[in-house]
Number of protein chains: 2
Amino acid sequence: MGAESRYADWIAVDWGTSHLRAWAMRQDKPVAESASEKGMGTLERSGFEPALLDLIGPWLGQDRMTVVACGMVGSRQGWTEAAYGAVPANPMPGRMTRAETHDKRLAVHILPGLKQDNPADVMRGEETQIAGYLASAPRFDGVICLPGTHTKWAQISAGEVISFRTFMTGELFALLSTQSVLRHTVGNGWDETAFAEAVSDAIARPEATAARLFSLRAEGLLHGLGPAAARARLSGALIGAELAASRPYWLGQDIVIIGATGLASRYQEALAQQGLAPRTIDATEATLAGLTTAWRTLEEAVT
Amino acid sequence: MGAESRYADWIAVDWGTSHLRAWAMRQDKPVAESASEKGMGTLERSGFEPALLDLIGPWLGQDRMTVVACGMVGSRQGWTEAAYGAVPANPMPGRMTRAETHDKRLAVHILPGLKQDNPADVMRGEETQIAGYLASAPRFDGVICLPGTHTKWAQISAGEVISFRTFMTGELFALLSTQSVLRHTVGNGWDETAFAEAVSDAIARPEATAARLFSLRAEGLLHGLGPAAARARLSGALIGAELAASRPYWLGQDIVIIGATGLASRYQEALAQQGLAPRTIDATEATLAGLTTAWRTLEEAVT
């Protein structure tokens, strides 16, 4: 793909707290891809432009190149703050924030996130994935679940995000499985049955969530609970607790999951167990579709 | 106290995962105290005796000294495994495990923990505090709450631990406030009202626990939630979730809290809000009372 990237029309960037990914795009198709660990959380303000140039330098010619970026790069601690839009809102507002660059070949546009006043909530990056999905399903009326470190549930109607909630399920799983006493019990592997039972138990009795965690350690010590089953039960307990708390979002709704394969399939299974039939959309495809929509808005404004 | 410690009758040791504390005891009174960071979690098997001698060496004469120890020192990864007693059980079984030592002046006795088959649970150290409280209140019939990294709730009747449950509330608070995205919002200080409201909300709607955590971050970003109020709300949300899950333990019961001042007072307030009037016992006093009971058992066996 290297040579082709010379003919990129624009560059798409997904810049989160812990990752940076860039794609050389020809219209809506990626023709080259590059990634680094230089997430927003690792950078001073002056570090953003060099981190970006490290990745996309080979794709630049002499002409000015349009770069469209979403994610935490637009936060207050990011490159340039792109103020949140307030829900209810179109997830693709058309308004972008220009980041200043020393390299005059770069025209960097940063997408704003969304905020909700009450209950207080924020998102940056997921709104672009939602916009990407809505580009292909403009009449979608239902709920979009975006599993991740901070899983989002968004209620969608008439092309707008009506409301949303964030759950720290992914971050809790990572902390508990690697930093807490449960790290001695939770290991690799997976146990489908243990996951299903844990989800079911957590949804049925969410008030007992706090009592379930240490049980994993004790069952490891007393009853030989294995590392794969422990991993599946911890995941099921946390996803189940999330589903119990997000029930007003998903109950009786048309659901789309936007996520990476592994985690999305766990949510899919957990929701299927509740009698729902969510569809799953690949997160990267949704991001690129959303960034493409934003890029087209810029093109239309110029021409 | 240094000179007096030469005349210690015995040595009491509280040896947890992350701490080691020793007291030179004259009968039931501490006359000298020493502590180090050499918790069970930091030591190889061969490291226990030197770690202990570092602390208690100055208290040893030429005669053999009885040492009574409780806590994780008796776990499988500890100095010598002291097998669990199974509930229902007297928390002070009289049976101790002797640890081998190179230094012949030491006679080290390790107290066993307690286990529960279903729901699976274990404790090591708290049983000694429970025994210490029961030594002064042998007819207590009710519930003992032991707040900590892993908070325990124990149902007591006729001098026995009937059942117990462990909650990872303290460890969750530490991980979330220092390792998760909430570290940007949670700071020092305290807000009594914010704590009380968070406890109340969590007990009333425990199924929403998973939705409350990220709200702290969002309220910090959008509504200027301060670091003290955020700390109190996180603590209240987690303690409230624990109280929701432990309700069968405390509802309508006579409650004793055994804990260190700060954390115990939070549980006291949270329970008072539910119309209960728990008494609080200092954790160190309870530990020493329990170890003293164990030492007396040894003395009686010898004489």
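Refer to the structure above for everything that follows.
The structure displayed is predicted, hence computed values, not measured ones.

Draft legend 1. Highlighting the environment of A:Thr151. All names here are of chain A. Structurally, threonine 151 is set in strand E11 (residues 151–157). Each C-alpha atom of the pair threonine 151 and isoleucine 239 lies 9.9 Å from the other, and the pair is 88 residues apart in sequence. Residues in contact with threonine 151, not counting those within four places in the same chain, are Cys145, Leu146, Phe167, Thr169, Gly170 and Glu242.

Draft legend 2. Layout of the interface of chain B and chain A. Counting residues at the interface gives 35 residues for chain B and 35 residues for chain A. Per element, the largest residue contribution to the side of chain B that touches chain A is 11 residues, and it comes from helix H5 (residues 209–223) of chain B. Among the residues forming the side of chain B that touches chain A, the class breakdown is 19 nonpolar, eight polar and eight charged.

Draft legend 3. The arrangement of the pairing of strand E2 (residues 20–26) of chain A in detail. All names here are of chain A. Most of E2 is tucked away: five of the seven residues are buried. Sheet analysis places strand E1 (residues 10–15) next to E2, joined by six bridges and oriented antiparallel. By the bridge assignment, tryptophan 15 is partnered in E2 with leucine 20. Counted along the chain from E1 to the antiparallel partner E2, the turn is four residues long. Across seven bridges, E2 lies against strand E3 (residues 29–36) in antiparallel orientation. Residue pairing for E3: alanine 22 is matched across the bridge by serine 34. Turn length for the E2-E3 hairpin, with the two strands adjacent in sequence and antiparallel, is two residues, and the turn residue glutamine 27 shows positive phi of about 50°.

Draft legend 4. Representation of the sheet that holds strand E9 (residues 121–123) of chain A. The strand order across the open sheet built from three strands is E5-E8-E9 (chain A), with neighbouring strands paired in mixed fashion. Edge positions in the open sheet fall to strand E5 (85–86) and E9 of chain A, since each of these has one partner strand only. Where E5(A) lies against strand E8 (residues 114–116) of chain A, two bridges are found, and the strand directions are parallel. What sits directly across from A:Gly85, in E8(A), is A:Leu114. H5(B) contacts E8 and E9 of chain A of the sheet and is inclined by roughly 85° relative to E9(A).

Draft legend 5. Expanded view of the sheet that holds strand E12 (residues 160–167) of chain B. Residue and element names in this part refer to chain B. Judged by pairing direction, the sheet is mixed, and its five strands sit side by side in the order E12-E11-E10-E13-E14 without closing on themselves. Single-partner strands in this sheet number two, and they are E12 and strand E14 (279–282). Adjacent strand axes in the sheet meet at a mean angle of 20° when their direction is disregarded. In this structure, strand E13 (residues 255–259) lies alongside E14, joined through four bridges in parallel fashion. The partner of valine 256 across the bridge, within E14, is arginine 279.

Draft legend 6. Molecular detail of the environment of B:Ala120. With respect to the helices, strands and loops of the structure, B:Ala120 is situated in the loop between strand E8 (114–116) and strand E9 (121–123). Overall, B:Ala120 belongs to the partly exposed group, with 19 C-beta atoms counted inside 10 Å. Along the chain, B:Ala120 and B:Thr166 lie 46 residues apart, while their C-alpha atoms are 9.7 Å from each other. If we skip the residues at most four places from it in the chain, B:Ala120 touches A:Ser215, A:Ala218, A:Glu219, A:Leu222 and A:His223.

Draft legend 7. Molecular detail of the relation of the copies chain B and chain A. Structural alignment of chain B on chain A gives an RMSD of 0.0 Å, achieved by rotating through 180° and translating 0.0 Å along the axis. Each copy turns onto its partner about a two-fold axis. Among all C-alpha atoms of chain B, that of B:Glu207 lies closest to the rotation axis, at 2.8 Å. Looking at chain B, 100% of its interface residues are interface residues in chain A too, so the copies touch through the same face.

Here is what the cut-offs are and how they apply
Residues numbered from 1 in each chain as written. Chains lettered and ligands numbered in written order. Predicted model: local features only at pLDDT ≥ 70, side-chain atom pairs only at ≥ 80, totals over all residues. Helix = DSSP H or I, 4+ residues; strand = E, 2+ residues; numbered from the N terminus. Contact = placed C-beta atoms within 7 Å. Nonpolar A, V, L, I, M, F, W, Y, C, P; charged D, E, K, R; others polar. Buried ≥ 20, exposed ≤ 12 C-beta atoms within 10 Å, placed from the backbone. Pairing = 2+ DSSP bridges. Axes fitted to C-alpha atoms, helices over the stretch in contact; angles between N-to-C directions. Least-squares fit on C-alpha atoms with pLDDT ≥ 70 in both.

Functional significance is not addressed by these values, which are geometric in nature.
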